[in-house]
Amino acid sequence: MLSASAEIFLVIMICIVLVVDLFVNDKDRKVTFWLSFGTLIATAALVMNNTPEAREFIFDGSYVNDPLAGLLKIASISMVGVGFIYSRHYLIKNNLMKGEFFLLSLFGLLGILIMISANSLLIMYLGLETLSLSLYALVAFDRNSSIAAESAMKYFILGAIASGSLLYGISWIYGMTGSLEFNEIALAIAENPSLNSLPLWFGMAFVVVGIAFKFGAVPFHMWLPDVYQGAKTPVTLFIATAPKLAAFALIYRVLVDGLGGVHDAWQGTILIISLLSLVLGNVVAIAQTNIKRMLGYSAIGHVGFIFAGIFTGTQIGYAAALFYSLTYVIMAAGAFGVLIALSDEGDADQLDDLKGLSQRNPWLAVIMLFVMLGMAGIPPWVGFFAKLDVINAVIDSGFTGFAVLMVLSSVIGAFYYLRVIWYMYFEQAPKSKAIIINKDLGAVISINGILILALGLFPGALMQLCINVIN
Amino acid sequence: MNSSILSLMIWLPIFAGITLLLMGDNDKRPKNTIRYISFGASLATFFLGIWLYLEFDNTTASMQFIEKTVWIESLGIQYYLGVDGISVPLILLTVFITPLIVMSSWDVITLRPAQYFAAFLILEGLMIGVFSALDAILFYVFWEAMLVPMFLIIGIWGGQRRIYATLKFFLYTFLGSVLMLVSFIYLYGQTADFDLQHFMATPLSLFEQQLIFIAFLLAFAVKVPMWPVHTWLPDAHVEAPTGGSVILAAIMLKMGGYGFIRLSMPIAPDASEYFAFMMIVLSLIAVTYIGFVALMQIDMKKLIAYSSIAHMGFVTLGFFIVWSYGETTQGALGVTGAMVQMISHGLISGAMFLCVGVLYDRMHSREILAYGGVANTMPVFAAFMVLFSMANAGLPGTSGFVGEFMVILASFKANFWFAFLAATTLILGAAYTLWMVKRVLYGEVANDNVAKLTDLNSREFYVLSVLAVSVLLVGVWPAPLIDLMTATIDQLMLQISETKIIGIEA
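A brief look at the structure comes next. (Residues numbered from 1 in each chain as written. Chains lettered and ligands numbered in written order. Predicted model: local features only at pLDDT ≥ 70, side-chain atom pairs only at ≥ 80, totals over all residues. Heavy atoms only, no water.)

Right, let's get into helix α13 (residues 291-311) of chain A. Every α-helix carries 3.6 residues per turn, so stepping three or four residues along brings you back to the same face. Residues and elements named next belong to chain A. The first and last C-alpha atoms of α13 sit 30 Å apart over 21 residues, in line with the 30 Å expected at 1.5 Å per residue. Within α13, 21 of the 21 residues are buried, leaving the element largely enclosed by the surrounding structure. The N-terminus of α13 is capped by Asn290, whose side-chain oxygen sits 2.9 Å from the backbone nitrogen of Lys292. Phi turns positive, to about 75 degrees, at Gly313, one or two residues after α13. (Helix = DSSP H or I, 4+ residues; strand = E, 2+ residues; numbered from the N terminus. Expected span 1.5 Å × (residues − 1). Buried < 20%, exposed > 50% of the residue type's maximum accessible area, 1.4 Å probe, protein only. Polar contact = N/O pair within 3.5 Å; in protein donor to acceptor, adjacent residues only side chain to side chain.)

Structure representation (structure tokens):
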């Protein structure tokens, strides 16, 4: 019970926030904000206190708690918290300071926490749906925006198909192995090698489709650019950060904890998805002028790197993929945070909105510079070490040719990241009005930007932590 | 204290640069504060360089001033610095050129000077890092990080087509280097850490060496640059501000040469031998063909850029001529010549770009045809420019002669035709440089703008005199420079003469 105390506490608090929010008028909406923010801090503290040294099963084995879960949960909660701080003034300015934003975010976080700790396919599915339904609603959160409604609709329909596919695959795996729990599935496969055959692979293929969809990996990526573009920037920030960590948990728990025994059967699929994501994400991003959409395609490219760490099937590969996911969400939070800070008059989502940023607010430009160089994988920013870690794992398992493709795709990627720097530094600003940012946002985004550099100068500790939690 | 001198040289300018960035451009502050800080920091680094030189023991080939601490434990990456006779001259060149750049940009740069000087200081620290890193990833980090300040220098303070030029510069060099990273990681798989000296010691099959050599070649050939991957250089040079051109020509190009001698040759000696003929041919094409291209230029900066490519051809020629003898150990002359050529080219091309900068600051044109008869209005400047042009053409008594002569001599011993083609540079170099000098400096005063030119101010005079003295000094008395690297190069010759292929005795 203690292992799930954070989730239980979060559910209770969501109910309280829901009720409190009913009695608060728009003027005092900050009560909801602070209550939600406090909930995040308390939940994080509970996770910290209740993360065991070794793996622990509860609720008859359908729920698991281990250091990996602790790390992913802390990171997810922090990302949601950072997102709240980034979004507050934006929401007030755009007349969107409603309780729903915080409630849906907390519900989404609940789904994320459940996914991270699920040890059974059904619990995993429940967590995933809790997250997804919150996200669909969040995307459509600005009800006056037709683009937002359109992308929410797309997201919902495609997401429902993917969930169906996942559920169908789950039923096959259940049928073949006779269990829903990951450790028992692994045991069943180990005891009965004849299971490693077409019926199991058939089910597995559907599960992989579901996972790839949630990650936004090619060829199941269609929703991602539309949703990134259509959603309000704070919502995009939410989608781009914490759910990626949940997706890592999803792929790790299902494919490694559950189906690790049939690694040979899924390796090829993940490899192809990884390759397609790397190439398509990076190439198509070049053509984008909407920066949110561009970051969407860039996310697809980064997912290619995460999948590359997974397909190696080695401990160092998983650790590298985990390190990549963690550092990627930090960079993504920084990127969307800067965009939110720029959204003084309407959403800043075009490349042109960044023109001459280095004159209008030099510090914000430096942070965006760090984010872009980090994503491009230029040392000494942290993105480089994330890529190095994954490429090392890939070469270690003998795929040197694939590593060459990975680095070439990052050269293609470098172009559009550099283009952002070019707009910020080499172009003249159309308006010379300085951009003033609020203190709380400024403080957090500064930490975010400096973290991207600092983790690059000293990546050792976090890398070691990733290795430790994977083992 | 001796043991941390390299770290000090790397981080002092970088922290000074960060301080400048944090201070920012503030109109209320006295306007020279930024400049004094940058000049002070670069001068302090220069004195550290002198100290390094005085403490350096040139009788041994082993690494000195070693600093070694674990950086990233899980990947076996170390913060590992050390220098030998190959890196010290290049570090000295770096610390010598940077204060001159700061001085030459003193009141020329009016747009965001704090950022400008910060970029150069950070660049200086990173370049010293490249020359002293002995861990492959540390080397790669410095190597790539260097692109960022240069990208910003060209992009912010450059000319008309600066965005095209700077993107081309960045992507070209980035594309070249990523495969080097893959090779490093592959070698890590063979040795279990990123120590460059372990990379040199580990046995490799010929096929592995060939792939590694090609990956390195892409990285270094782009940097040198060798024909046919040189096209970014004229663009970058033309669009960069004067200081950017100087640092690009004087130091960044040398990293390609340094990469060949520090990484390619010792890590893949058998592949180097296998590809030596190809490398010699490419070098000779650079020397002759690019020489002709330089002849046709109408833009002074472009002309000097092409002349840089031709002169760097001597560096690669000197390195790879080694394998044209029966005994590799005889190649020391060519390698020494190539090293001297790198230092000398650093001084001369830097000086040439500064000369063009002096003219550009006054007339805002780089076209040769916009000038004529400058010697009449700027006699002192003309004297300097003629001296540097003579050095560029390889006149005996200047540093340009020493390196080229040694490389031609070494090629002559190997093959008459190599030497013959290489020696055409003496004609071509003289032709394009002196023809430019004739058209720009001599003749009647061409137009009113030239008539209004004023001669060098004292700041420009000091910068150019320091360079002139050093060009002449290396020209008439190169012994201290050569002594610095003899022991290391002899050791290198022994090292590369032994095959690394398993099961085959040398």
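Now that the structure is up, let's keep going.
In this section: the layout of surface pockets. Residues and elements named next belong to chain B. What the second largest pocket holds in volume is close to 730 Å³. In terms of lining residues, the second largest pocket is bounded by 25 residues, among which Phe46, Leu92, Phe96, Ser470 and Leu473 are the most central. Of all the secondary structure elements, the ones that give two or more residues to the lining of the second largest pocket are α2 (33-55), α3 (87-104), α14 (332-363), α20 (458-476) and α21 (479-497). The leading source of residues in the lining of the second largest pocket is α3, at seven residues. Its residues placed into classes, the lining of the second largest pocket shows 24 nonpolar, one polar and no charged. (1 Å grid on protein atoms, 1.4 Å probe; cavity = no way out; pocket = protein on both sides within 12 Å on 5 of 7 lines; lining within 4 Å. Points joined across faces, edges and corners; volume = space filled by probe spheres on them. Nonpolar A, V, L, I, M, F, W, Y, C, P; charged D, E, K, R; others polar.)

Another point: unusual backbone geometry. Following Pro379 of chain A, the chain continues into Pro380 of chain A via a peptide bond in cis, with omega recorded as 5 degrees. Along the chain, Pro380 of chain A turns up in the loop between α16 (362-376) and α17 (382-396). Located in the positive-phi region is Ala192 of chain B, a residue other than glycine, with phi close to 75 degrees. Structurally, the position occupied by Ala192 of chain B is in the loop between α7 (162-191) and α8 (196-201).

The subject of this paragraph is the pairing of strand β2 (residues 77-83) of chain B. Residue and element names in this part refer to chain B. Most of β2 is tucked away: seven of the seven residues are buried. Burial of β2 is two-sided: the residues Ile77, Tyr79, Leu81 and Val83 facing one way and the residues Gln78, Tyr80 and Gly82 facing the other way are all buried. The pairing of strand β1 (residues 64-72) with β2 spans six bridges and is classified as antiparallel. Considered in β2, the bridge of Lys68 is made with Tyr80. Where β1 folds back on β2, the antiparallel hairpin that results is connected by four residues, among which Gly76 adopts a positive phi of roughly 65 degrees. (Pairing = 2+ DSSP bridges.)

Bringing the interface of chain A and chain B into the picture now. Often, the extent of an interface is quoted as the loss of accessible area on bringing the components together. Across the boundary between the two partners, chain A contributes 38 residues, which contact 31 residues of chain B. Together chain A and chain B conceal approximately 3000 Å² of surface at their shared face, both sides included; 85% is due to carbon and sulfur atoms. One can count zero salt bridges joining chain A with chain B. Elements represented by at least two residues in the side of chain A that touches chain B include exactly α15 (357-360), α16, α17, α18 (400-425), α19 (439-457) and α20 (460-470) of chain A. In terms of residue count, α18 of chain A provides more of the side of chain A that touches chain B than any other element does, 13 residues in total. (Contact = heavy atoms within 4.5 Å. Buried area = accessible area lost by both parts, 1.4 Å probe. Salt bridge = Lys/Arg side-chain N within 4 Å of Asp/Glu carboxyl O.)

One pass over the full model with this rule turns up six cavities of 30 Å³ or more. Roughly 120 Å³ of internal volume is contained in the largest cavity. Residue lining of the largest cavity: Met115, Leu128, Leu131, Ser132, Leu135, Tyr155, Lys214, Trp223, Ile239, Pro243, Lys244 and Ala247 of chain A, and that is the complete set. Counting only elements with at least two residues in the lining of the largest cavity, the list comes to α5 (121-139) and α11 (242-258) of chain A. Empty space within the second largest cavity amounts to approximately 80 Å³. Taken together, Ala376, Gly377, Phe384, Lys387, Ile391, Val407 and Ser410 of chain A together with Tyr140, Phe174, Val178 and Leu181 of chain B make up the full set of residues lining the second largest cavity. Broken down by secondary-structure element, the contributors of at least two residues to the lining of the second largest cavity are α17 and α18 of chain A together with α7 of chain B. A class-by-class count of the residues in the lining of the second largest cavity yields eight nonpolar, two polar and one charged.

Geometry only, nothing functional implied.
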